[in-house]
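Structural features, examined
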Amino acid sequence: MKPVVIAGVSGAIGSALAEAILRDYPECQLVGLCRHPDRAPTALHTHDRVSLLTWDAGDAATLDGMIGELESVIPARTGIDTLIYAAGVLHAEQMFPEKRLEDLSADAMARAFAVNATGFGLLVRALVPWLRHRELKRIAAVSAKVGSITDNRLGGWYAYRSSKAALNMLVRGLSVELPRRCKPVACVALHPGTTESALSEPFRQSLAQLKVHSPAQTADNLLAVLRGVDQDDNGRFLSWDGSELPW
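Definitions and limits used
- Residues numbered from 1 in each chain as written.
- Predicted model: local features only at pLDDT ≥ 70, side-chain atom pairs only at ≥ 80, totals over all residues.
- Heavy atoms only, no water.
- Pairing = 2+ DSSP bridges.
- Helix = DSSP H or I, 4+ residues; strand = E, 2+ residues; numbered from the N terminus.
- Axes fitted to C-alpha atoms, helices over the stretch in contact; angles between N-to-C directions.
- Contact = heavy atoms within 4.5 Å.
- Parallel < 35°, antiparallel > 145°, perpendicular 65-115°, else oblique.
- Left-handed = near helix turned anticlockwise from the far one by under 90°.
- Nonpolar A, V, L, I, M, F, W, Y, C, P; charged D, E, K, R; others polar.
- Expected span 1.5 Å × (residues − 1).
- Buried < 20%, exposed > 50% of the residue type's maximum accessible area, 1.4 Å probe, protein only.
- 1 Å grid on protein atoms, 1.4 Å probe; cavity = no way out; pocket = protein on both sides within 12 Å on 5 of 7 lines; lining within 4 Å.
- Points joined across faces, edges and corners; volume = space filled by probe spheres on them.
- Core = buried A, V, L, I, M, F, W, Y, C linked by side-chain atoms within 4.5 Å.
- Phe/Tyr/Trp six-rings, centres within 6.5 Å; stacked < 30°, edge-to-face > 60°.

It is worth spelling out the sheet that holds strand E4 (residues 82–85) at this point. If you walk across this open sheet you meet the seven strands as E3-E2-E1-E4-E5-E6-E7, and the pairing is parallel. Among the strands making up the open sheet, the edge pair consists of strand E3 (50–54) and strand E7 (237–239). Geometrically, the sheet is characterised by an average inter-axis angle of 20° between neighbouring strands, direction not taken into account. Helix H5 (residues 158–182) contacts strand E5 (137–142), strand E6 (185–191) and E7 of the sheet and is inclined by roughly 165° relative to E6. Taken strand by strand, helix H6 (residues 215–227) contacts E4, E5, E6 and E7, and its axis lies near 150° from that of E6.

Rendered as structure tokens:
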């Protein structure tokens, strides 16, 4: 496996994915991107096959500096094998999923789109030079089932749902363009399932009736799906168990 880049590596799913990849691929070099590398798990800080670079999904100005550092760690001519976009925001200070239309906020919408969607598109744009080698590239955006327009029967959560739907559209658009420039490639959206994390913590009581995975379980599930993905799966929206989800 060529080098792997995980965006959002300090989060529950991102860090669990990093640890699983390092465990399963003993020769893989991993680059983790996050806003505060010092907050990434200690195991990643001390690992000799991990490089942690500063990057903020919601701040496009951080891209240039990160790309310069990446070139020094992994030259573009070496290429990357897999890009996993695990950055995301559901709630934050002054930001919480909307229960009704009156809760809608322009600032929350802008923040959700910046982190959940725009950051992904800009990161892929910046990494194109690393995707031009002739082996299969896998680009996986960690999305959410609630981003499915077809599946939305409950309403609410406007900012999160809309931004994840936008992320899904970016995946579909990239799945059309990238094969022309970086073939062979598989660009997919992945639903991780409900996972124990800071993102889901405020909803612990309402999740009691759902199947909830630990971050390690989620990482193993997503990697199992990714291992089976090839260029014929380009442009698909897949759940953690490998089943296909409606856009």
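Glancing now at the packing of helix H4 (residues 106–127) against H5. It is the contact of H4 with H5, at a shortest axis distance of 8 Å, that shows an interaxial angle of 15°. Taken together, H4 and H5 sit at an angle that is classed as roughly parallel. Relative to H5, H4 is oriented so that their crossing is right-handed. Packed against H4, whose contacting residues are Ala108, Met109, Ala112, Phe113, Asn116, Ala117, Phe120, Gly121 and Val124, the element H5 presents Tyr158, Ala159, Tyr160, Ser162, Ser163, Lys164, Ala166, Leu167, Leu170, Val171, Leu174 and Leu178 at the interface. Its residues assigned to classes, the contact of H4 with H5 comprises 16 nonpolar, four polar and one charged.

In this section: helix H1 (residues 12–24). If you check H1, its first and last C-alpha atoms are 18 Å apart, about what 13 residues at 1.5 Å a residue would give, namely 18 Å. Along H1, the residues classified as buried are Ile13, Gly14, Ser15, Ala16, Leu17, Ala18, Ala20, Ile21 and Leu22. The inward-facing, buried residues of H1 contact strand E1 (4–7), strand E2 (30–34), helix H2 (42–45), E3, E4 and H6.

Below, the discussion takes up empty space enclosed by the protein. What the rule picks out here adds up to one cavity of 30 Å³ or more. In this structure, the largest cavity spans a volume of roughly 40 Å³. Within the lining of the largest cavity, the residues separate by chemical class into seven nonpolar, no polar and one charged.

This part covers unusual backbone geometry. Cis geometry marks the peptide bond from Lys183 to Pro184, where omega comes out at 0°. Tracing the chain through its elements places Pro184 in the loop between H5 and E6. In the Ramachandran plot, Trp157 falls in the positive-phi region, its phi being about 50° despite a non-glycine side chain. With respect to the secondary-structure elements, Trp157 resides in the loop between E5 and H5.

What follows deals with the nonpolar core. Among the nonpolar cores identified, the biggest contains 44 residues, and Leu33, Trp55, Met66, Leu70, Phe120, Leu123 and Ile139 are the most heavily contacted of them. If you list the elements that add at least two residues to this core, you get E1, E2, helix H3 (63–73), E4, H4, E5, H5 and E6. With nine residues, H4 is the single largest residue contributor to this core. Each residue touching Trp55, except ones within four places of it in the same chain, is listed here: Ala7, Gly8, Leu33, Cys34, Arg35, Thr62, Leu63, Met66, Tyr85, Ala87, Gly119 and Leu123. Core analysis: the next-biggest nonpolar cluster, separate from the first, contains 29 residues, Val4, Ile6, Ala18 and Leu44 among them.

Attention shifts here to the packing of aromatic side chains. Under the definition given, this model contains four aromatic pairs. Aromatic pair Trp55 and Tyr85: ring centres 6.0 Å apart, planes at 80°, arrangement edge-to-face. Of the two residues, Trp55 is situated in the loop between E3 and H3 and Tyr85 in strand E4; the sequence distance between them amounts to 30 residues. Given the relative accessible area of 4%, Trp55 is considered buried. Looking at Tyr85, the relative accessible area reads 0%, which means it is buried. Ring-pair connections join several aromatic residues into one group, and the members of that group are Trp55, Tyr85 and Phe120.

Worth remembering: the numbers are spatial, not functional.
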